[in-house]
Amino acid sequence: MIVAIDGQLAVGTATGIGEYARGLVDALRVAGVDVRELAEPALDPWRFDRRLLWDQVLLPMRACASGAQLLHCTSGTMPLLRTLPTIVTVHDVAWLKVQAHAKAYARWYFGPFSLKRYRGARAIAVDSNFSRDELLGVLDVAPERVHVVYPGVAADFAGVRRIPGGDEPIVLVPGTVERRKNLEVVIRSLPLLKKVRVVSVGPATPYARECTALADSLGVGERVEFRGYVTRGELLDLYARCAVVAVPSRYEGFGYAAAQALCAGAPLVVSDRSSLPEIAGGDARVVPADDPAAWARELEGCVADSHAGANASAAREKAIARFAWSATVAAMCRIYDAASR
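Computed from a prediction, not measured in an experiment: that's the story for all the values here. (Residues numbered from 1 in each chain as written. Predicted model: local features only at pLDDT ≥ 70, side-chain atom pairs only at ≥ 80, totals over all residues. Heavy atoms only, no water.)

## Structural notes on the sheet that holds strand 1 (residues 2-6)
For step 1, the next point in the chain: Reading across from one edge, 2-1-3-4-5-6 is the order of the six strands in this open sheet, with parallel pairing throughout. Each edge of the sheet is formed by a strand with only one pairing partner; in this case those strands are strand 2 (34-38) and strand 6 (146-148). Averaged over all pairs of adjacent strands, the angle between strand axes in this sheet comes to 25°, irrespective of strand direction.
For step 2, the next point in the chain: One ladder, built from five bridges, connects strand 1 with strand 2; its direction is parallel. Directly across from Asp6, in strand 2, lies its bridge partner Leu38.
For step 3, the next point in the chain: Across the sheet, helix 14 (residues 325-339) is in contact with strand 1, strand 3 (70-73), strand 4 (86-90), strand 5 (123-126) and strand 6; its angle to strand 3 comes to roughly 135°. (Pairing = 2+ DSSP bridges. Helix = DSSP H or I, 4+ residues; strand = E, 2+ residues; numbered from the N terminus. Axes fitted to C-alpha atoms, helices over the stretch in contact; angles between N-to-C directions. Contact = heavy atoms within 4.5 Å.)

What follows is the structure, encoded as structure tokens:
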């Protein structure tokens, strides 16, 4: 079988979905699957008009010309007109739940328009049981068409050599700086913490300015660092050196940052919302999403507790097995086989 994969969100500043697309292509090739990766480096996938051009014009054209027998749309959107049987990965339904602040046209395209397209997919993959329940709550399809397949975590996270330390322990908060990621609760916890600084890594949205103003108003501006989008090497170095990883999101379909932290052997604190307790699997501290005092208490516990690092290290092998790309590919190939019949 020849499978065409939509890899457009791996272009440029790839975030979680780009990491997923890139990792899936590599892992499928390792498994011997004939993959035709489809992308256009000249198009910025983060500009809405460019994304629309890719999704609805260029992607179906290139899929048709690729020689593939199946198209896998990895970014949660599908072409209106298709010539190949199509699988779609729906990472979450955030555009229907927590993106009220976004432009109306973006909410429509990534929300109701995309939702309607899913009915035409041969099969739907989702990243977690939480996302499956969310999708089935808004889409009238047979439940057996929706398959939970955990994304894999790249091997370089499993290879991180932990070297935490320093006079000012780092609380690492990975992910796009947007409202649903809830960085503000970690900033609000900082006045209750001693000798700790927050390092945020990921592309910024206007929400970042709100977080900067909040940190300044609380007198902790010098202890909050916004690094923006960092290189792979810098990210791995931060996972190695941080005292703890914080994932305070209010809504995540999967939560790559949490899975990466577990595979890197870093102590982890996650919010009690959406998929995060499921992905943590009992190996992280779970905190109410909007309780700064609770965040301060648990972050301080990870920094001060000499056993926190040992516990995270002990959970590491289990996480590496749960989020192995080989397991993801095995599940996805079963979906491909069934969809191509």
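## Looking at the environment of Arg341
For step 1, the next point in the chain: Considering the arrangement of structural elements, one finds Arg341 in the segment after helix 14.
For step 2, the next point in the chain: Judged by relative accessible area, Arg341 falls into the exposed class, the value being 77%.
For step 3, the next point in the chain: Among the polar contacts made by the side chain of Arg341, one reaches the main-chain carbonyl oxygen of Asp337 at a distance of 3.5 Å. (Buried < 20%, exposed > 50% of the residue type's maximum accessible area, 1.4 Å probe, protein only. Polar contact = N/O pair within 3.5 Å; in protein donor to acceptor, adjacent residues only side chain to side chain.)

## Considering the sheet that holds strand 12 (residues 285-287)
For step 1, the next point in the chain: Across the sheet, which stays open at both edges, the six strands sit in the order 9-8-7-10-11-12 with parallel pairing between neighbours. Strands at the two margins of the open sheet, each flanked by one partner only, are strand 9 (224-228) and strand 12. Here the average twist between neighbouring strands, direction ignored, is 25°.
For step 2, the next point in the chain: Note that strand 10 (residues 244-247) and strand 11 (residues 268-271) share three bridges and pair parallel. Bridging across to strand 11, Val247 finds its partner in Val270.
For step 3, the next point in the chain: Along the sheet, helix 9 (residues 232-241) makes contact with strand 7 (170-174), strand 8 (197-201), strand 9 and strand 10, crossing strand 7 at roughly 140°.

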